[in-house]
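Topology and contacts: notes
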Amino acid sequence: MELQAFLSRRVVTPDGIRPAAILVDGEKIHAVIPQDQVPRYARVCDFDEAVILPGLVDSHVHINDPGRAEWEGFETATRAAAAGGYTLLVDMPLNCLPATTTVASLEAKRAAAESRCRVDWAAWGGVVEDNQADIGALAAAGVPGFKCFLVDPGIGGFTMVTEQQLRAALPAVARTGLPLLVHAELPGPIDTASETLSSADWKSYSTYLQSRPQEAESAAIRLLLSLCREYRFRLHIVHLSASEALQELKAARAEGLAVTVETCPHYLHLTSESIRDGSTAFKCAPPIRSRENREMLWEGLKDGVIDLVATDHSPCPPEMKRFEEGNFRTAWGGISSLSMALPLMWTEASGRGFTLLDVARWMAEKPAQLAGCHMHKGKIEPGFDADFVVFDPGGEFVVSEQRLHYRHFVSPYLGERLRGVVKATYLRGKPVFVKCKFPGSPMGREFRLATANSND
Ligand SMILES: [Zn+2]
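Here, residues in each chain are numbered from 1, in the same order as that chain's written sequence. Restriction of local features to residues with pLDDT of at least 70 applies here, the model being predicted, together with a cutoff of 80 or more for giving and counting side-chain atom pairs; totals for whole chains, interfaces and linings are based on all residues. Only hydrogens and water are set aside when side-chain values are computed; all heavy atoms of the structure are taken into account.

All right, on to the coordination of the zinc ion then. Counted as donors are N, O and S atoms no farther than 2.8 Å from the metal, or 3.2 Å for Na, K and Ca; water is not among the atoms, and sites may therefore look incomplete. Binding of the zinc ion to the protein goes through His60 (NE2), His62 (NE2) and Asp312 (OD), at separations of 2.1 to 2.2 Å. Along the chain, the residues donating to the zinc ion are arranged with the sequence spacing H-x1-H-x249-D. Placement of His62 in the loop between strand S6 (56-61) and helix H1 (74-84) and of Asp312 in the loop between strand S14 (308-309) and helix H11 (341-350) is noted, with a sequence separation of 250 residues between them. Burial status follows relative accessibility: with a 1.4 Å probe on protein chains alone, a residue under 20% of its type maximum counts as buried, one over 50% as exposed, and anything between as partly exposed. For Asp312, a relative accessible area of 9% puts it in the buried group. In this text, helices come from DSSP runs of H or I with a minimum length of four residues, and strands from runs of E with a minimum of two, each type numbered from the N-terminal end.

Quick look at the structure:
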């Protein structure tokens, strides 16, 4: 195998940011060494002032393939991922048809992904009202964990679970030792709030915001923490938006419960105060809340209650956003940000005194841990996959459709000036995104947890 050396004055390693050469043998990192020790026969790629970060891992993506590939698809989602610095996506079990709730549907997904991915991928299994018996088999087939909804996900093919149904599934989930990712909103507080809003103006963002109060998240989290205490499963709260739940999560962590928490770039960047009425590009669930709430989420990241940042990339055909109508009740809720997440995060994080070490922890190391690929992905360390992002942290650009790269160019960020430019992305030693192009044929492959564990 040819030895390659990737040089930069700023390599983001687990121990710090420093000048280094990353020696790559085939698909793996062989060593991280001082630049003057690179063997003569190595093929050198010197990025000089540009930073080398570990390839990012996105543990929350809706690829919608097979079955709703007209919404997104493996080709376009993984292309946008490569452009955004991601080298592994973990696909959510819903929006695709069939939903990933049985081994047969997982196999259908594998067939759909074959030879079409620009980056690596994995698939969460779904926990729905009636598939308790499939949980063990899905784990044996290689899913890194499971996802369920405590509220109606609003899409055909995937049901929410009631507390009773969740209780029926939890012993099987706990036996797998894999995490259960939960959309933590309870219908009760949403229904109560919505009753008073039936004749309200649904073009107004504040109506939508009132319809999904923080209490829906907090109540769900309280229920989940008590179930976690009872069943001792690994709990992961996806896309936390309600800062009022942070205290309770912090206490649960202190108590020793196995709970991890994610939030998303849109909750850390956007604020409800700046969303214009009718701007359904900003609709997602749970909703984008106030500026004050956003700052508290940043505090949560700072003190470690929030472990990681995932995109919740959730696209749809543009007509489903009902831009003409601008109605927040009927428009599809979901924000796409695979190609923009790193600049969005860096724009916000750099202004708050965080470093790229923090960003690498939130967007590579911790999501890799959640997805069980932390011995392969998420760090620049010997033995890991040679996955890198070459990043210019001082560069700026304006978000345009040409930079989005996913299937439908819908984005709440269009026209915004962001800080930090992804120059190139390398997957297992090979470039998959360079200078706005996608070289080579798709080489992304599935990360299967079961196989990874038995082989290593
Ligand atoms: Zn989602």
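Each Phe, Tyr or Trp ring (for Trp, its six-membered ring) is paired with any other whose centre lies within 6.5 Å, and the angle between the two planes then decides the class: stacked below 30 degrees, edge-to-face above 60, tilted in between. Evaluated as defined, the whole model comprises 14 aromatic pairs. Measuring from ring centre to ring centre gives 5.3 Å for Tyr205 and Phe328, while their planes differ by 75°; the resulting arrangement is edge-to-face. Placement of Tyr205 in helix H6 (residues 205-211) and of Phe328 in the loop between S14 and H11 is noted, with a sequence separation of 123 residues between them. The two residues Tyr205 and Phe328 agree in class, both being buried. Ring-pair connections join several aromatic residues into one group, and the members of that group are Phe6, Phe47, Phe388 and Tyr426.

Right, let's get into the pattern of salt bridges. Whenever a carboxyl oxygen of Asp or Glu lies within 4 Å of a side-chain nitrogen of Lys or Arg, that contact is scored as a salt bridge. Overall, the coordinates contain 31 salt bridges when judged by the stated rule. Among the salt bridges present, the one from Glu27 reaches Arg445, with a minimum N-O distance of 2.8 Å. Residue Glu27 is found in the loop between strand S2 (16-25) and strand S3 (28-33), and its partner Arg445 is found in the loop between strand S17 (430-434) and helix H13 (449-455); the two are separated by 418 residues along the sequence. Accessibility expressed as a relative area gives 44% for Arg445, which makes it partly exposed.

With that out of the way, let us pick up the pairing of S17. Across 4 bridges, the pairing between strand S16 (residues 417-427) and S17 is antiparallel. Within S17, the position partnered with Ala424 by the bridge is Val434. Linkage of S16 to S17, two consecutive antiparallel strands, is achieved through a turn of 2 residues, within which Arg428 is found at a positive phi near 45°. Pairing between strands is defined by DSSP: at least two bridges between them are needed.

What follows is about unusual backbone geometry. For the bond running from Asp65 to Pro66, omega is 5°, close enough to zero to count as cis. That bond from Leu97 to Pro98 is cis: its omega, 0°, falls within 30 degrees of zero. Note on placement: Pro98 falls in the loop between strand S7 (86-91) and helix H2 (103-113). Phi is positive for Ser115, which is not a glycine, with a value near 60°. When you line up the elements, Ser115 lands in the loop between H2 and strand S8 (120-123). The phi dihedral of Lys435 is positive, around 50°, even though this residue is not glycine. The residue Lys435 is located in the loop between S17 and H13 in this model. Exposure remark for Lys435: the relative accessible area of 70% places this residue in the exposed category.

Assignment of secondary structure puts Thr263 in strand S13 (residues 259-263). Residue classification places Thr263 among the buried positions, given a relative accessible area of 0%. Placed 45 residues apart in sequence, Thr263 and Leu308 show a C-alpha to C-alpha distance of 6.6 Å. Contacts are residue-level and defined by heavy atoms, with any inter-residue pair within 4.5 Å sufficient. In this structure Thr263 touches His239, Leu240, Leu268, Leu297, Ile306, Leu308, Val309 and Ala310, once residues within four positions along its chain are discounted.

Turning to the sheet that holds S6, a few remarks are in order. Taken together, 3 strands build an open sheet; the order of strands is S6-S7-S8 and the sheet is parallel. Of all the strands in the sheet, the pair left with one neighbour each is S6 and S8. Within this sheet the neighbouring strands show an average axis-to-axis angle of 20°, counted without direction. Note that S7 and S8 share 4 bridges and pair parallel. Considered in S8, the bridge of Leu89 is made with Trp121. To obtain each axis, a line is fitted to C-alpha atoms, and for helices this fit is confined to the stretch in contact; angles are then taken between N-to-C directions over 0 to 180 degrees. Those strands touched by helix H12 (residues 356-370) are S6 and S7, and its axis lies near 55° from that of S6.

With 9 of 10 residues buried, H11 lies mostly within the body of the structure. Listed as buried for H11 are Ala341, Leu342, Pro343, Leu344, Met345, Trp346, Glu348, Ala349 and Ser350.

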